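Spelled out from the first residue to the last, the chains are:
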Amino acid sequence: MVKIRWCSATIVGILPVLAAVLFYHLDTFDPAPYPEHELTRNGPPLFIPIENSNMLQGSEKIGHGELLMPEDIAYDPKTGVIYTGCHDGWISRVTLNDSAADSVVEKWINTGGRPLGIAHGLHGEVIVADADKGLLNISKDGVIELLTDEAEGLKFKLTDAVDVGPNGMLYFTDASYKYTLKEAFQDVLEGRPHGRFLSYDPSTKQTRVLIKDLYFANGVAVSPDQSFVVVCETVMKRCIRYYIQGPKKGSVDMFVENLPGIVDNIRYDGEGQYWIALSTNAYHWEILQKYPFVRKAAALWERHVGWPDIEKNGGVFAVDLDGKPTAHYYDHHVFFIASGIKIGEHLYCGSIVYPYIIRLNLSRYPATPAP
């Protein structure tokens, strides 16, 4: 009798394991190994001269409860208004005040999709990279026009970020031509480069693919001298530089790599610094990158159970015009920061989880030399 009970218990214990193994092998999701040169190219950790590792201390909440996951932040210095796109499809205009509580949120236009990247055009229009719709132009009067939603016969699945270059040329990213925003985790876990960096010429209405085979192409920022565009590759923890003018036109080199987190958007502040949003630290992702079978298990878990709460140390990383680190603001309790920009003496951060914009006074809570 004891032996029978032992056998029954063993079978009961083994069955879930066998079922899980069978489920794993039957699923068609097939992650690819990352190229060896990509896994070994990172050099030593970046030297960061100053940091604030407790950026939530003293921070304020702008538009709390009125901004559902405000992803990007586009500041209009002429009006002192922030434009941001939210999860519910609304692009809101936020009038800033000295007091966070007195900031005014106005729901301006609903795209009917998921507005991510936002940029101000040369003639008062707002350019939007909408994950669901494509690249949009919104006039001052609120008229929405679809500019482009495909290139080289491939529809955009995740139009992500945008900036405006010389003569109104638009530079933007399609993070993935295979997966939608809701499937973004599947894209990064698959380990194949589905991202593209593109341009759109409003005068000719031509869309061109400038760089293919990017690993989740994300934020873009045109340099202040308009000679190159910085493009973020999320899962590779780096930003590359694509030259749009001068003797290097059309070529690509590295702007900054081995960043201490997963990269999202990048913004130039007009004062000599780029601000790179770091969604979370990179430790767990570095493990996932090495082992395709672990990424498959993680993908199945995310699809059927949900992604575990392992993200931490999100924040914003500042670099100078040459890509050299100048400061790092982060917090153990912050995650999924999607954008950051310094406006005046404040740092403003958007995210894909919080119902508000985070604001930190950099004069009162400055970064200090790292220990």
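Details of the structure are given in the entry above.
Predicted model, so just to flag it, every value in this text is computed and none were measured. For every chain, the first residue of the written sequence is number 1, and numbering continues from 1 onward in sequence order. Per-residue local features are limited, in this predicted model, to residues with pLDDT of at least 70; the limit for side-chain atom pairs, both in listing and counting, is 80 or more; totals at the level of whole chains, interfaces and linings are taken over all residues. Side-chain numbers here rest on the full set of heavy atoms in the structure, without hydrogens or water.

Chemist: Honestly, the packing of helix α4 (residues 283–290) against helix α5 (residues 292–304) in this entry has me stumped. Any pointers?
Modeler: Each pair of packed helices can be summarised by the angle the axes make with each other and by the distance between the axes. One can describe the packing of α4 onto α5 by two numbers: an axis separation of 5 Å at closest approach and a directional angle of 115°. Here Trp285, Leu288, Gln289 and Lys290 of α4 lie close against α5, whose contacting residues are Pro292, Val294, Arg295 and Ala298. Here the term charged refers only to Asp, Glu, Lys and Arg, the term nonpolar to Ala, Val, Leu, Ile, Met, Phe, Trp, Tyr, Cys and Pro, and the term polar to all other amino acids, Gly among them. Among the residues making up the contact of α4 with α5, the classes are represented as five nonpolar, one polar and two charged. Every axis corresponds to a line fitted to the C-alpha atoms, with the helix fit spanning only the stretch in contact, and the corresponding angles, defined between N-to-C directions, vary from 0 to 180 degrees. The numbering of helices and of strands both runs from the N terminus, where a helix is a DSSP run of H or I of at least 4 residues and a strand a run of E of at least 2. The contact criterion used is simple: two residues touch if any of their non-hydrogen atoms lie within 4.5 Å.

Chemist: Can you help me understand the sheet that holds strand β7 (residues 115–120) in this one?
Modeler: One key point about sheets: their strands pair by backbone hydrogen bonds, in either a parallel or an antiparallel sense. The strand order across the open sheet formed by four strands is β7-β8-β9-β10, and the pairing between neighbours is antiparallel. Only two strands of the sheet have a single partner each, and these edge strands are β7 and β10 (144–148). Ignoring which end each strand starts from, the neighbouring axes of this sheet average 30° apart. Think of it this way: DSSP has to see at least two bridges between two strands before they count as a pair. Taken together, the five bridges between strand β8 (residues 126–130) and strand β9 (residues 134–138) define a ladder with antiparallel strand orientation. Bridge assignment links Ala129 to a residue of β9, and that residue is Leu135.

Chemist: I keep staring at the environment of Tyr75 and nothing clicks. Help me out?
Modeler: Checked against the element boundaries, Tyr75 lands in strand β3 (residues 74–76). Take Tyr75: its relative accessible area is 30%, and that puts it in the partly exposed class. With 14 residues separating them in the primary sequence, Tyr75 and Gly89 have C-alpha atoms 19 Å apart. Those residues in contact with Tyr75 that sit more than four places away from it in its chain are Gly80, Val81, Ile82, Leu96, His120 and Ile343. Burial here depends on accessible area, computed with a 1.4 Å probe over protein chains only, as a share of the maximum for the residue type. Under 20% is buried, over 50% is exposed, and the range in between is partly exposed.

As far as function goes, none of this settles anything; it's purely spatial.
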